[in-house]
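Reading the structure
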Amino acid sequence: MELSLDIFRNDAFSITSLQRVVDNTPYIPQSLGRMQLFTPTPITTENVLLYEEDGNIRMIPVTERGAPDIQQIRDKGRLRALQTKRLAKMDTVRASELLGVANMALPETIRLRNAISLVTRRTSKLRSDMEATKELHRLGALQGKLLDADGTTVIYDYFAEYGIAQPPMVDIDFDAIDEWNFMQFLQENFFVPITLSLKNRMTPNVQIGAVVGDGFWGKLMTHKGFQRIYIAMQTAIAVARATNPLVQPNNWMEVDFAGVRWINYRGSTNGEIAIPYNEARFFPIGAQDVFNVYWAPGETLQQVVEEGKPEYLMIQPDVRTQMPTHIDIFLRAYPLYACIYPRALMRARVAP
């Protein structure tokens with residue numbers, strides 16, 4: 001145990017040194033994180049104040065020279081206050097855990113490297129758990145309802161917050177719609193309604209996306225119109241890779257069809273983070289003021305005086321300088337994944 005204590009006393013296990021190591025620990029965002037759908041917005045308080053206004057664009061009528069100018073009609077708005085949420089988890093590395101990696105027969109530099117490697121691995125696990133939680137929050141906001149870790153507790157119902165009804169589920173009978181009627185059906189039932197709902201948020205760079213469950217994707221893949229587009233896309237990718245082997249395929253399955261980017265959503269393998277098997281969720285990609293993530297400051301004296309960050313990773317060795325027995329690793333985040341324009345969300349399912 002003496003050896004473990006010596007390692008804890010080493011300068012390499014100081015807060016500054018360990019923080020430098022674990023800050024470089026990488027993490028891999030999941031599907032929605034890769035899409036960068038949520039606009040990051042650091043804030044300096046715990047609460048988010050949102051001002052909603054109609055945002056209509058009004059045409060200016062022609063008037064004679066010298067006539068009075070048309071008076072601008074101000075949009076009526078409403079102020080809403082939403083609260084960021086605290087996500088926090090910790091792990092403890094105890095001196096006894098170093099016995100297997102800090103053998104007395106090894107040089108001190110190797111013992112230190114092994115010990116720090118153990119701390120880094122534990123930090124990586126914390127970050128994986130945090131990223132999975134953030135993905136759950138992203139997926140909830142994408143569906144208009146921010147859910148807690150149990151997958152059922154509603155933190156925020158954004159439809160209720162904005163006083164609108166959630167759009168009804170649209171049933172799609174893939175077997176009954178032929179190729180060309182299918183494209184028209186998708187345009188009329190999803191692309192056009194979402195585009196119109198966006199009003200002045202709809203710019204040339206905005207695209208309509210749909211994340212779909214495996215069952216819905218399977219039905220989509222069997223439709224002739226969709227198959228033709230998919231085969232053409234795969235052929236283009238094969239040609240590009242033959243020309244340049246460095247071209248990388250998509251990280252997840254996606255196809256542009258009928259004005260919609262269809263994405264076979266890959267969440268968690270245990271199904272905790274997932275789109276229902278036979279369902280799809282439609283949303284705008286690249287539209288301003290639809291999806292935001294707000295980052296509130298942390299809880300320490302150093303953190304509360306600055307804008308919020310995506311997460312805070314902190315190392316705290318045992319405060320007992322003579323007989324230290326452990327190191328605590330804290331990972332915290334104070335985000336709010338918000339859908340501030342739920343009117344643009346729609347959903348569908350395979351017809352029963």
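Scroll up to find the structure this text is about.
To keep things clear, this report deals only with the structure shown in the data block.

Moving on, we get to the overall build of the protein. Scanning the protein from terminus to terminus reveals 8 helices and 16 strands. Within the protein, buried positions represent 43% of all 352 residues. Contacts spanning at least 24 positions in sequence make up 76% of the contacts within the protein whose residues lie at least 6 apart. Surface summary for the protein: the accessible area is close to 19600 Å², and the carbon and sulfur share equals 53%.

What follows is about the sheet that holds strand S12 (residues 291-295). Across the sheet, which stays open at both edges, the 3 strands sit in the order S1-S12-S15 with mixed pairing between neighbours. Of all the strands in the sheet, the pair left with one neighbour each is strand S1 (39-42) and strand S15 (335-339). Looking at each pair of strands side by side, their axes are set apart by 25° on average, direction ignored. Bridge count between S12 and S15: 5 bridges; the pairing is antiparallel. Of the residues in S15, the one forming a bridge with Asn292 is Ala338.

Attention now moves to helix H4 (residues 108-142). The end-to-end C-alpha distance of H4 is 51 Å, a good match for the 51 Å that 35 residues give at a rise of 1.5 Å each. Following H4 by one or two positions, Gly144 has its phi on the positive side, about 90°.

With that settled, the discussion passes to the side chain of Asp328. Within the secondary structure layout, Asp328 lies in strand S14 (residues 326-333). Despite its burial, Asp328 pairs with no opposite charge; the closest candidate is Arg94, at 6.1 Å N-O. A polar contact of 2.7 Å, which involves the side chain of Asp328, links it to the side chain of Thr92. Once you skip the residues sitting within four places of it in the chain, Asp328 turns out to touch Met90, Asp91, Thr92, Met314, Ile315 and Gln316.

On to the packing of aromatic side chains, then. Think of a pair of aromatic rings as described by two things: how far the centres are apart, and how the planes are tilted against each other in angle. Applying the stated criterion to the full structure yields 14 aromatic pairs. Relative to Phe216, the ring of Phe174 has its centre 5.3 Å away and its plane inclined at 80°; by these criteria the two rings are edge-to-face. Of this pair, Phe174 sits in the loop between strand S7 (170-172) and helix H6 (179-198) while Phe216 sits in helix H7 (residues 214-222); the two residues are 42 residues apart in sequence, bridging distant segments of the chain. For the pair Phe174 and Phe216, a shared accessibility class is recorded, and that class is buried. A relative accessible area of 0% places Phe216 in the buried class. Among the aromatic residues, ring-to-ring pairing joins Phe174, Phe182, Phe185, Phe190, Phe216, Trp217, Phe226, Phe257, Trp262 and Phe282 into one connected group.

If you look at the biggest cluster of nonpolar residues, it comprises 72 residues, and the most contacted ones within it are Ile172, Trp262 and Phe282. With 6 residues, H6 is the largest single contributor of residues to this core. If sequence neighbours within four positions are ignored, Phe282 has contacts with Phe190, Ile194, Gly209, Ala210, Val260, Trp262, Ala344, Leu345, Met346, Arg347 and Ala348. With 14 residues, the next largest nonpolar core counts Val93, Leu118, Ile315 and Ala333 among its residues.

Attention now moves to the environment of Thr92. For Thr92, the location among the structural elements is in strand S4 (residues 87-94). A C-alpha to C-alpha distance of 6.6 Å links Thr92 and His326, two positions 234 residues apart in sequence. If sequence neighbours within four positions are ignored, Thr92 has contacts with Glu97, Arg122, His326, Ile327 and Asp328.

What the 3 strands build is an open sheet, ordered S4-S14-S13; its pairing is antiparallel. Two strands bound the open sheet, and with one partner strand each, they are S4 and strand S13 (312-317). The sheet shows a mean angle of 15° between the axes of neighbouring strands, direction not considered. Here S4 pairs with S14 via 8 bridges, running antiparallel. Counted as the bridge partner of Arg94 is His326 from S14. Contacting S4, S13 and S14, H4 runs over the sheet at an angle of about 165° to S4.

Extensive coverage of S14 is indicated by the burial of 8 of its 8 residues. Of the two faces of S14, the one carrying His326, Asp328, Phe330 and Arg332 and the one carrying Ile327, Ile329, Leu331 and Ala333 are both buried. Here 6 bridges tie S13 to S14, and the two strands are oriented antiparallel to one another. Bridge pairing links Ile315 to Ile329 in S14.

Right, let's talk about the pairing of S15 for a bit. The buried fraction of S15 amounts to 5 of the 5 residues, a majority that puts the element mostly inside the structure. What you see with S15 is no split at all: Pro335, Tyr337 and Cys339 on one side and Leu336 and Ala338 on the other are buried throughout.

Here we come to unusual backbone geometry. With a phi angle near 55°, Lys199 is a residue other than glycine that sits in the positive phi range. You can see Lys199 is positioned in the loop between H6 and strand S8 (207-212). Lys199 gets classed as partly exposed once you look at its relative accessible area, which sits at 37%. Phi angles above zero are rare outside glycine, and Ala258 is one such case at about 55°. Looking at the secondary structure, you find Ala258 in the loop between strand S9 (254-257) and strand S10 (260-264).

Rules used throughout
Residues numbered from 1 in each chain as written. Predicted model: local features only at pLDDT ≥ 70, side-chain atom pairs only at ≥ 80, totals over all residues. Heavy atoms only, no water. Helix = DSSP H or I, 4+ residues; strand = E, 2+ residues; numbered from the N terminus. Buried < 20%, exposed > 50% of the residue type's maximum accessible area, 1.4 Å probe, protein only. Contact = heavy atoms within 4.5 Å. Areas by Shrake-Rupley, 256 points an atom, 1.4 Å probe, with all protein chains shown as cover. Pairing = 2+ DSSP bridges. Axes fitted to C-alpha atoms, helices over the stretch in contact; angles between N-to-C directions. Expected span 1.5 Å × (residues − 1). Lys, Arg positive; Asp, Glu negative; His and termini not counted. Salt bridge = Lys/Arg side-chain N within 4 Å of Asp/Glu carboxyl O. Polar contact = N/O pair within 3.5 Å; in protein donor to acceptor, adjacent residues only side chain to side chain. Phe/Tyr/Trp six-rings, centres within 6.5 Å; stacked < 30°, edge-to-face > 60°. Core = buried A, V, L, I, M, F, W, Y, C linked by side-chain atoms within 4.5 Å.

The values reported here are purely geometric and, on their own, carry no functional implication.
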